[in-house]
Amino acid sequence: MRSFLFLLLAFGILAAAGQTSSQNPTSDADELMRAGIAAQQHGDNRTAIEDFRKVLAVRPKMAEAHAGLGAALAATGQLDAAIDEDTRALALAPEKSAARMNVQMNLGLTYYKKKDFAHAREQFEAIHAEFPTDLEAAVKLGYVYIELDREAEAAELLTPFERGHESNMDLEYALAFSLIQSGNVKDGLPRMEKVARVTHSASAWVIAGSTHLHRGEMPAARIDLDEAMKLDAKIPGLATMAGQARYAMLDMNASALAFQAALREDPRDFNANLDLGAIRLKERDVADARPLLELALELQPTSPLARLEVAKLNEATGRYAEAAKGLEALVKDEPNWMDAHWELAAAYIELNRGEDGKRERIIAQQLRFAQQKEEPEPK
């Protein structure tokens, strides 16, 4: 009898224990939620994922757990799964709440990481419509507009936020870039240089320097691009642009060093091969010039500059007939290019074609005179 009573008592205790576990899911879920958040804060996203999934097994409609799981999944690169969780969290979050805004922000950022800029735009535009004075949402939306080649809209969006937030470099970078790309270089370029100075950002110096370079502002381009070189010389294309700025300022030694650095990174860099080849040709180092210029022409067979430099190379090595043939085709394609006519005149003279040489020289002189008339008078 006593053993029977013992078994009953034992069964009752076990049943009670089972009821305690099943009847307190809320406290278990809350504890797991806190553990997941703590793991996430310590960068242990894999543990956080496990904890949040355990929470959802108990409370499948807990928006915070879906949001936490989405953030942890995004941090580990599981972007599609993160989007699914954030979408569920968004459906459960209260309207017009800070929690909903945070979920939308995370969802927009995950779409951005995935390079799905159309869906990222939807999320950030929704936040901006609901919270029009929120700086972070506006800046994120500005970056999305830039990715969608809508820089003018980005500039219009961000400009009103600048006053009072001039020290926010995320804002300043996005505003500067959007202004430059939408044609307002006057306002955008100083902002980009400010960002570069404050943040020591090589990419910001590259944007500023390349903008100066394309505008023909070579001293300023050289300063900015050299600053970028100090910070990260391996940025693709940077050494070539730095070399071009130095080349335009007739600093041949410095430009040659930059082009050599560019070719170590990318031996098939068209501009580096062309410009370094031109430098070597001016130095009468034909042996080094030839492979550089011939590769440049191979890379871009229709490039007028490459065709001209190869013709000069042929003249320098006594291949006048070959030079003339290339230049005849070049002046046909570029009839108003003075330098090509001068070189063709020189090739004809070496081939004892005096009348042809005289004709090309006259054309070159006429083109030079026309250019001089078009040049503005110095103030």
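Read on for an overview of the structure.

Criteria and thresholds
- Residues numbered from 1 in each chain as written.
- Predicted model: local features only at pLDDT ≥ 70, side-chain atom pairs only at ≥ 80, totals over all residues.
- Heavy atoms only, no water.
- Helix = DSSP H or I, 4+ residues; strand = E, 2+ residues; numbered from the N terminus.
- Buried < 20%, exposed > 50% of the residue type's maximum accessible area, 1.4 Å probe, protein only.
- Contact = heavy atoms within 4.5 Å.
- Phe/Tyr/Trp six-rings, centres within 6.5 Å; stacked < 30°, edge-to-face > 60°.
- Salt bridge = Lys/Arg side-chain N within 4 Å of Asp/Glu carboxyl O.
- Expected span 1.5 Å × (residues − 1).
- Polar contact = N/O pair within 3.5 Å; in protein donor to acceptor, adjacent residues only side chain to side chain.
- Core = buried A, V, L, I, M, F, W, Y, C linked by side-chain atoms within 4.5 Å.

### Thoughts on the environment of Q244
Alright, step 1. By the element assignment, Q244 lies in helix α14 (residues 238–248).
Alright, step 2. For Q244, a relative accessible area of 22% gives the class partly exposed.
Alright, step 3. When the C-alpha atoms of Q244 and D170 are compared, they prove to be 30 Å apart, with 74 residues separating the residues in sequence.
Alright, step 4. The contacts of Q244, once residues within four sequence positions are left out, are L213, F259, N271 and D275.

### Some thoughts on the packing of aromatic side chains
Alright, step 1. Enumeration over the complete set of coordinates arrives at one aromatic pair.
Alright, step 2. Considering the side-chain rings of Y112 and F117, the 5.3 Å spacing of their centres and the 70° angle between planes classify their relative orientation as edge-to-face.

### Considering the pattern of salt bridges
Alright, step 1. What the rule picks out here adds up to 25 salt bridges.
Alright, step 2. Residue E172 is joined to K194 by a salt bridge in which the shortest nitrogen-to-oxygen separation is 2.9 Å. Here K194 lies in helix α11 (residues 185–199) and E172 lies in helix α10 (residues 169–181), a separation of 22 residues in the sequence.
Alright, step 3. A relative accessible area of 0% places E172 in the buried class.
Alright, step 4. Among the residues examined, K194 registers a relative accessible area of 25% and is labelled partly exposed.
Alright, step 5. Measuring nitrogen to oxygen at the nearest pair gives 3.1 Å for the salt bridge that ties D251 to R222. With D251 in the loop between α14 and α15 (252–265) and R222 in helix α13 (residues 218–231), this pair connects stretches of sequence that are 29 residues apart.
Alright, step 6. With relative accessibility at 21%, the residue R222 sits in the partly exposed group.
Alright, step 7. One salt-bridge network, held together by shared partners, links E328, R353, D356, R359 and E360.

### Some remarks on α11
Alright, step 1. The first and last C-alpha atoms of α11 sit 20 Å apart over 15 residues, in line with the 21 Å expected at 1.5 Å per residue.
Alright, step 2. On its buried face, α11 is in contact with α10, α12 (202–214) and α13.
Alright, step 3. Where α11 ends, the next residue or the one after it, H200, has phi of about 55°, a positive value.

### Digging into the side chain of R246
Alright, step 1. As for its placement among the helices and strands, R246 is situated in helix α14.
Alright, step 2. In terms of polar contacts, R246 uses its side chain to reach the backbone carbonyl oxygen of A254, at 3.0 Å.
Alright, step 3. Ignoring anything within four residues of it in the chain, the contact list for R246 reads R222, D226, D251, A254, S255 and A258.

### Observations concerning the nonpolar core
Alright, step 1. If you look at the biggest cluster of nonpolar residues, it comprises 35 residues, and the most contacted ones within it are M192, L213, L225, L238, F259 and L276.
Alright, step 2. Listed by contribution, the elements that provide at least two residues to this core are α10, α11, α12, α13, α14, α15 and α16 (270–282).
Alright, step 3. Ignoring sequence-local partners within four residues, the contact set of F259 consists of T240, G243, Q244, Y247, A272, D275, L276 and I279.
Alright, step 4. Residues A89, L90, I127 and A154 belong to the second largest nonpolar core, which totals 30 residues.

### Remarks on the environment of A272
Alright, step 1. Mapped onto the elements, A272 comes out in helix α16.
Alright, step 2. The class of A272 is buried, set by a relative accessible area of 0%.
Alright, step 3. C-alpha separation for the pair A272 and G243, spaced 29 residues apart in sequence, amounts to 7.9 Å.
Alright, step 4. Those residues in contact with A272 that sit more than four places away from it in its chain are T240, F259, A262, L263 and G277.

### A word on unusual backbone geometry
Alright, step 1. At H200, a residue that is not glycine, the phi angle is positive and equals roughly 55°.
Alright, step 2. Here H200 lies in the loop between α11 and α12.
Alright, step 3. Residue classification places H200 among the exposed positions, given a relative accessible area of 58%.
Alright, step 4. Of note in the backbone geometry, R284 takes a positive phi value of approximately 65° without being a glycine.
Alright, step 5. Turning to its location among the elements, R284 is positioned in the loop between α16 and α17 (286–299).

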